Each structure stands twice: as structure tokens, then as C-alpha cells.
Amino acid sequence: MSLVRRRLNAYLRWSEKRHLALAADIDTLRRSFAFRARLFFHGPFGSHYEWDDLGGIPVQWAMARGVTRGQGPVILYFHGGGYVFGSTDTHRAMAAALSKRARLPVCLVDYRLAPEHPFPAAVDDAVAAYASVMAQPVILGGDSAGGGLALALLAEILRRDMPRPFATFAFSPLTDLTFSGASIVENAEKEVMLPASRIGEISQAYLSGAAAEDPRASPLFADFTDAPPVWLTVGTTEILRDDTLRLADRMQAQSVDVTLLLEKNVPHVWPMFHSILPEARQTLTQLADWISARTGSGDS
């Protein structure tokens, strides 16, 4: 474990986890996360960002210096935030860092958030955005709730028999809104960022009475038969650890080519901290290498 990781974990436990546990409402979470993202997350020098529209859904392109949009492969990315906060702005620095390594443009989808737009609004937006780019090679990706959304989208693509993406990846994805994984309890104290006490409240805001077992909400229960390759990573001490481990087992039982990276003692979605954390940069490079092996891109 790097010294930076130990210090970052201590800071997140003292600051971020406490803040998330005590925030009075969703608006407070949105404002504070947006402020902290501007303060702490910065893309590589020369990165550029462009707003656009895909199928009526706002998107923001994140591209490292020298990377341009075209008809080649594209990474379609869904940000995390429990389906209630986060934005393309909060995640574009990490997207640009991945763009630099994979030498591909990253398109972040500004899907609608709950509780103003409850389930299945996010899934509908994801499908609409994908339908606008599916004529070219697409890699789906996301983190936390956005990772769950990317995986739910993959299952919808298969169910609807739409053109398949080249591959899908997810950082610490939220795949089970029934919260039946043992790590929710086992890692409640070890987790340095997410307070287990708030997960029910967040999921209720998103589901708004819908069934948590619906595969579009909880892709752990989806059918991934004939899915393209999937890359997953999660930390050993995360409360969402078993969301990833059980999904990987389910996918492998359905004959999906799954690459699973289990990292020790890292914070939730640690690649967000690529500017300071060596383990974050290493994970992004590993992912970029995996993507490049499937697209022929990359300069990691």
C-alpha cells in the first residue's frame, strides 16, 4: 500500500464518509460533490471538453490532447452518484485521464437524476444515447451507480437485440439494489467513503416504488448470455465489493469473458483520484491496455 493511499483513506474516512452520512438532503450532496470535484479532480494538461447531444440526451465529451472525435471507437461513460447526484462535470477529469491512456474520446452521458426523474429514466436515457452511437465501435463504462447503469444498458442491448458494444467496464459498480451482498454489513466499518446507513434512502429516491429486483435497476439479476467481454474492478474493503464479485460469478456462469481486478484497501472508485494516487493511475492504465487490445488504440 502506498503512503498516499493510507493518507487518502484516513482523510476520506474523516471527511467524506462523515459528510455523506450527515448531509441533510440530496441538494446538499449535489452541491458539495460538485464543489469538491472542481477542487480536487483535474484532467491531464491539454485536455478539452465539448458539450453535445445524443438522441436528445445532453453529453459532454472528454478528450486528452491529440484525441479527436470521429467515426472510430468511442467510450460511452456513465457517472456515479447513487442516481441522485454527480454529473458529467464531476467525472470528466477521470474520463480525460482514461482518454489519454486509451487514445480514445470519452462521451459522458448527462442522464436524468432522481428523485426528480426516478427509475427507469436513467436507463431510458442510456438506451437513447447508445442508439445514437451504436453504428460505430462503442465501449460502455461507468462507476458506482453509473457502472450499474452501464451494465444494465448492456443487458438491455442484449434483450432488445441491438448491435452489441465492443466491451463494457465498471469501477466499483452498484449492481444490486436489494443490497443482499454480505459486504454491505461485513465492510460497513472498513469502507472509507460510503456510509452504509444511507444506501436505503438513496435507492428509494431512485426506485420510487419500483421493484429493486428489476434487472434494469439491479443488473446482478440480468441475463448476459452472448455479452461481449466485461472488465470489472472493486476494492476489498468496499461495501459494494460483493456487487462486483457476485456479478462476475453470474456472468462467468453465462459464459461471458470477464476480467476481474480485486484491489486491496482502496477507496470507492479510486481511479477518480488519479492526480494523486499511484494505484488509481495503475488501474486506469490496466483498463486502457485492456481496451486497446480490443480496439487497436492506446498509448498507455
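Above this note sits the structure.
Here, residues in each chain are numbered from 1, in the same order as that chain's written sequence. For this predicted model, a pLDDT threshold of at least 70 governs which residues receive local features, and a threshold of 80 or more governs which side-chain atom pairs are given and counted, while totals over whole chains, interfaces and linings are taken from all residues. Think of the side-chain values as coming from all heavy atoms in the structure, minus any hydrogens and water.

(A) Summary view of the overall build of the protein chain. Strands here are runs of E lasting at least two residues and helices are runs of H or I lasting at least four, both read from the DSSP assignment and numbered beginning at the N terminus. A tally of helices and strands in the protein chain yields ten helices and eight strands. As a reference, a globule follows 2.2 Å times the number of residues to the power 0.38, and the radius of gyration itself is taken over C-alpha atoms. For the protein chain, the C-alpha radius of gyration of 17 Å lies close to 19 Å, the compact-globule estimate for 300 residues. With the C-alpha coordinates aligned to their principal axes, the bounding extent of the protein chain is approximately 45 × 40 × 35 Å. Each residue is assigned to one of three classes by its accessible area relative to the maximum for its type, calculated with a 1.4 Å probe on protein chains only: buried under 20%, partly exposed between the two thresholds, exposed over 50%. The buried share of the protein chain, reckoned over its 300 residues, is 60%. For the protein chain, restricting intrachain contacts to residue pairs at least 6 apart in sequence, the fraction spanning at least 24 positions comes to 78%. For every accessible area listed, the method is Shrake-Rupley and the probe measures 1.4 Å; residues are considered covered only by the protein chains on display. Accessible area of the protein chain: about 11,800 Å², with a carbon and sulfur share of 53%. Whether two residues are in contact is decided by their heavy atoms, any of which lying within 4.5 Å being enough.

(B) The arrangement of the sheet that holds strand β1 (residues 48-54) in detail. By definition, two strands form a pair when at least two bridges between them are found by DSSP. Across the sheet, eight strands lie side by side as β1-β2-β4-β3-β5-β6-β7-β8; this open sheet has mixed pairing. The open sheet is flanked by β1 and β8 (258-263), the only strands paired with a single partner. Neighbouring strand axes in the sheet, compared pairwise and without regard to direction, differ in orientation by 20 degrees on average. Note on method: axes are straight lines fitted to C-alpha atoms, helices fitted across the in-contact stretch only, with angles between N-to-C directions ranging 0 to 180 degrees.

(C) Expanded view of the side chain of Ser 32. Along the chain, Ser 32 turns up in helix α3 (residues 26-40). What makes Ser 32 buried here is its relative accessible area of 14%. Under this definition, polar contacts are N or O atom pairs within 3.5 Å; protein pairs additionally need one hydrogen-donor-capable and one acceptor-capable atom, and for neighbouring residues in sequence, both atoms have to be side-chain atoms. Here Leu 29 takes part through its backbone oxygen, which lies 3.2 Å from a polar atom of the side chain of Ser 32.

(D) How the structure looks around the side chain of Ser 47. Locating Ser 47 in the fold gives a position in the loop between α3 and β1. The class for Ser 47 is buried, based on a relative accessible area of 18%. From its side chain, Ser 47 meets the backbone oxygen of Pro 44 in a polar contact 2.7 Å long. When near neighbours in sequence (up to four residues on either side) are disregarded, Ser 47 contacts Met 63, Ala 64, Arg 65 and Ala 96.

(E) A look at the packing of helix α5 (residues 121-133) against helix α6 (residues 145-160). Interhelical geometry of α5 versus α6 gives an angle of 65 degrees and a closest axis separation of 10 Å. The two elements α5 and α6 meet at a crossing, and its hand is right-handed. Within the contact between the two elements, α5 uses Ala 122, Val 123, Ala 126, Val 127 and Tyr 130 and α6 uses Leu 149, Leu 153, Glu 156, Ile 157 and Arg 160. Split by residue class, the contact of α5 with α6 holds eight nonpolar, no polar and two charged. Each helix crossing is assigned a hand: it is left-handed if the near helix lies turned anticlockwise from the far helix by less than a right angle, otherwise right-handed if that turn is clockwise. Classes in brief: Ala, Val, Leu, Ile, Met, Phe, Trp, Tyr, Cys and Pro nonpolar; Asp, Glu, Lys and Arg charged; the others, Gly included, polar.

(F) A look at the pattern of salt bridges. Any Lys or Arg side-chain nitrogen found within 4 Å of a carboxyl oxygen on Asp or Glu counts as a salt bridge. Throughout the structure, instances matching the rule amount to 16 salt bridges. In this structure, Glu 279 and Arg 5 form a salt bridge, with 2.9 Å as the shortest nitrogen-oxygen distance. With Glu 279 in helix α10 (residues 278-295) and Arg 5 in helix α1 (residues 3-14), the pair connects residues that are 274 residues apart, well separated along the chain. For Glu 279, a relative accessible area of 6% puts it in the buried group. Here Glu 186 and Arg 241 are joined by a salt bridge, their closest N and O atoms 2.9 Å apart. With Glu 186 in helix α7 (residues 183-186) and Arg 241 in helix α9 (residues 241-253), this residue pair connects regions lying 55 residues apart in the sequence. We classify Glu 186 as partly exposed; its relative accessible area is 48%.

(G) Broad picture of unusual backbone geometry. A cis amide bond links Ala 114 to the next residue, Pro 115, at an omega of 5 degrees. Residue placement: Pro 115 occurs in the loop between β4 (106-109) and α5. That bond from Phe 119 to Pro 120 is cis: its omega, 5 degrees, falls within 30 degrees of zero. The topology assignment puts Pro 120 in the loop between β4 and α5. Phi at Tyr 83 takes a positive value of approximately 70 degrees, unusual for a residue other than glycine. Checked against the element boundaries, Tyr 83 lands in the loop between β3 (74-78) and α4 (88-102). Overall, Tyr 83 belongs to the buried group, its relative accessible area being 2%.

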